[in-house]
Structures are given as C-alpha cells and as structure tokens.
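# Reading the structure
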Amino acid sequence: MSNLLPSGRAYVLRNLPSPGLQGLGLAVFVLLLLLTCVPGARAHEFKVGDLEIEHPWSRATPPGAKVAGGYFTVINKGSTADRLLSISSDVSDKAELHEMGVKDGVMTMRPVSGGLEIPAGGKVALKPGAYHLMFTGLKRQPKQGEKFPAILTFEKAGSVTVEFAVEGMGETGEMDMDHAD
C-alpha cells in the first residue's frame, strides 16, 4: 500500500492548477474584497470615556505656511453631553477650535469660545468649511504620509492623545470618513 501513496501524490500534484498570474490575480482580488468589507480598515480611531474620536487628519502644508487645519468626528455613546475644551500639539505654538460659516454672503471664521458640545448619543464632525481645529504658529510643516500627535481635552471624559494623519494638500478626508456618515 505504501507504494501507491507516492504515485497518488504525484497524480494530485500534476493536476493542481499552476500558481501563475491567475492565482496571483485571485489572491489580490480576495485581499481587496476583504479590505472593502471591513469598515474603517484604513481609518484610525481613539476612545476616551464614552467618546470615540474617528480619523483625526490634517493636510500637508506648503513651505512657509504658519497654520494647518485639523479634522475628525467625535461620537458620544454616553447618556450625558460632553464638551471639547482644549487642544494642544507639539506641531504648533497654539491650537484652537474654530467655526466657519457664511454670514450675509461672506465666509467667516472665528474661534469657538466655551468649547464645543458633543450631545449625548450624538456626534459632531469637525471638517473643512465647518467646525475645525487651527494649528497656528507651526513649528514644522506637516508632510503627506506622516502623523503628528495632539491632546484633546474633554470636560467629562478627560484627555486623550490622538494622532493626526497628514493627507495631501487638496484632500477632503472623505475617503476614510465614509463609514462615519
């Protein structure tokens, strides 16, 4: 019986498909399919208390720029409201929460005083053209592909260190944020 096993193995191995381009193509297809099935596979998230901070990101800045924006979504899974009170980062001298809006047909931007409320069971998106962070007095230029840390301080949940992913200058952050909407 042991004499039959080697020839049986040889028959099976001869009739297996060769792992050529078709096999490689199938492997790549399966990998891409798996990545698209996992929501937020490329995003990064942070948690403090009942709050989840999704995909903090910023844009690369041109040489000499003194300011950069910061964006993310905060989800409050708790039963009481919380408030984003302050932001600090070693990438800049100062970090502030700002609000953009249109008043009488003119785009305005102003600092938010008293913090930003995150409603119980709700979420707030900091994004271009709306609430956002301003990192002023940049100490270095954020470059595409790198990350920089910042500390977000909330009234009830406390402080959490997050990492801002630096995207390209023209990016909107929407590619990684689709799952948050």
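Along each chain, the written sequence defines residue order, and numbers are assigned to residues from 1. For a predicted model such as this one, the threshold for reporting local features is a pLDDT of at least 70, and the threshold for listing and counting side-chain atom pairs is 80 or more; totals across whole chains, interfaces and linings nevertheless cover every residue. Remark: hydrogens and water are excluded; side-chain values derive from all non-hydrogen atoms of the structure.

## Some points on the nonpolar core
Grouping buried Ala, Val, Leu, Ile, Met, Phe, Trp, Tyr and Cys residues that are joined through side-chain atoms within 4.5 Å yields what is termed a nonpolar core. Three labels apply to residues, based on accessible area from a 1.4 Å probe with only protein chains included: buried if under 20% of the type maximum, exposed if over 50%, partly exposed otherwise in between. Counting residues in each nonpolar core, the largest one holds 29 residues, and the members touching the most others are Ile-53, Phe-72, Leu-133, Phe-135, Leu-152 and Phe-154. With sequence-adjacent residues up to four places away left out, Leu-133 is seen in contact with Ala-68, Gly-69, Gly-70, Phe-72, Ile-87, Glu-96, Leu-97, Leu-126, Leu-152 and Phe-164. Any two residues whose heavy atoms approach within 4.5 Å are treated as being in contact.

## Regarding the packing of aromatic side chains
Two aromatic rings, taken as a pair, are described by how far apart their centres are and by the angle between their planes. Aromatic rings from Phe, Tyr and Trp, taking only the six-membered ring of Trp, are treated as a pair when their centres fall within 6.5 Å; an angle between ring planes under 30 degrees marks them as stacked, one over 60 as edge-to-face, and anything in between as tilted. Per the stated rule, a full pass over the model turns up five aromatic pairs. On the numbers, 5.4 Å between centres and 85° between planes, the contact of Phe-135 with Phe-164 is edge-to-face. Within this pair, whereas Phe-135 is found in strand S9 (residues 132-138), its partner Phe-164 is found in strand S11 (residues 158-167), the two being separated by 29 residues in sequence. On the accessibility criterion, Phe-164 (0% relative accessible area) is buried. Ring plane angle 10° and centroid distance 5.4 Å describe the contact between Phe-148 and Phe-164, whose orientation is recorded as stacked. With Phe-148 in strand S10 (residues 147-154) and Phe-164 in strand S11, this pair connects stretches of sequence that are 16 residues apart. Residue classification places Phe-148 among the buried positions, given a relative accessible area of 1%. Elements are defined by DSSP. Helices are runs of H or I of four residues or more, strands are runs of E of two residues or more, and each kind is numbered from the N terminus.

## What to know about the confidence of the model for the protein
You can read pLDDT as the predictor saying how much it trusts each residue, on a scale of 0 to 100. For the protein, the mean per-residue pLDDT works out to 82, and 70% of the residues sit at or above 70. Confidence drops under a pLDDT of 50 for residues 30-42, and excluding neighbours within four residues, the segment shows five contacts in the predicted structure.

## What about the pairing of strand S1 (residues 45-48)?
Of the two faces of S1, only the one carrying Phe-46 and Val-48 is buried; Glu-45 and Lys-47 on the other face are not. One bridge is not enough; two strands pair if DSSP finds at least two bridges between them. Direction of pairing for S1 relative to strand S2 (residues 51-59): antiparallel, over a ladder of four bridges. Within S2, the position partnered with Glu-45 by the bridge is Glu-54. Between S1 and S2, which follow one another and run antiparallel, lie two residues, and Gly-49 among them has a positive phi close to 55°.

## Some remarks on the side chain of His-98
Tracing the backbone through its elements, the reader meets His-98 in strand S5 (residues 92-103). A polar contact of 2.8 Å, which involves the side chain of His-98, links it to the side chain of Glu-96. Contact partners of His-98, with chain neighbours within four places excluded, come to Met-109, Arg-110, Pro-111, Val-112, Ala-130, Tyr-131, His-132 and Met-134. Nitrogen and oxygen atoms within 3.5 Å of one another constitute a polar contact, given that in protein one can donate a hydrogen and the other can accept it, and given that sequence-neighbouring residues count only through two side-chain atoms.

## Some details on the pattern of salt bridges
If the charged atoms of two oppositely charged side chains come close together, the side chains can form a pair. Put simply, a salt bridge is a Lys or Arg side-chain nitrogen that is within 4 Å of an Asp or Glu carboxyl oxygen. The final tally for this structure, using the stated rule, is five salt bridges. Between Glu-117 and Arg-83 there is a salt bridge, with its nearest N and O atoms 3.3 Å apart. Here Arg-83 lies in strand S4 (residues 82-88) and Glu-117 lies in strand S7 (residues 116-118), a separation of 34 residues in the sequence. Classification of Glu-117 as partly exposed rests on a relative accessible area of 40%. Residue Arg-83 is classed as partly exposed on the basis of its relative accessible area, which comes to 24%.

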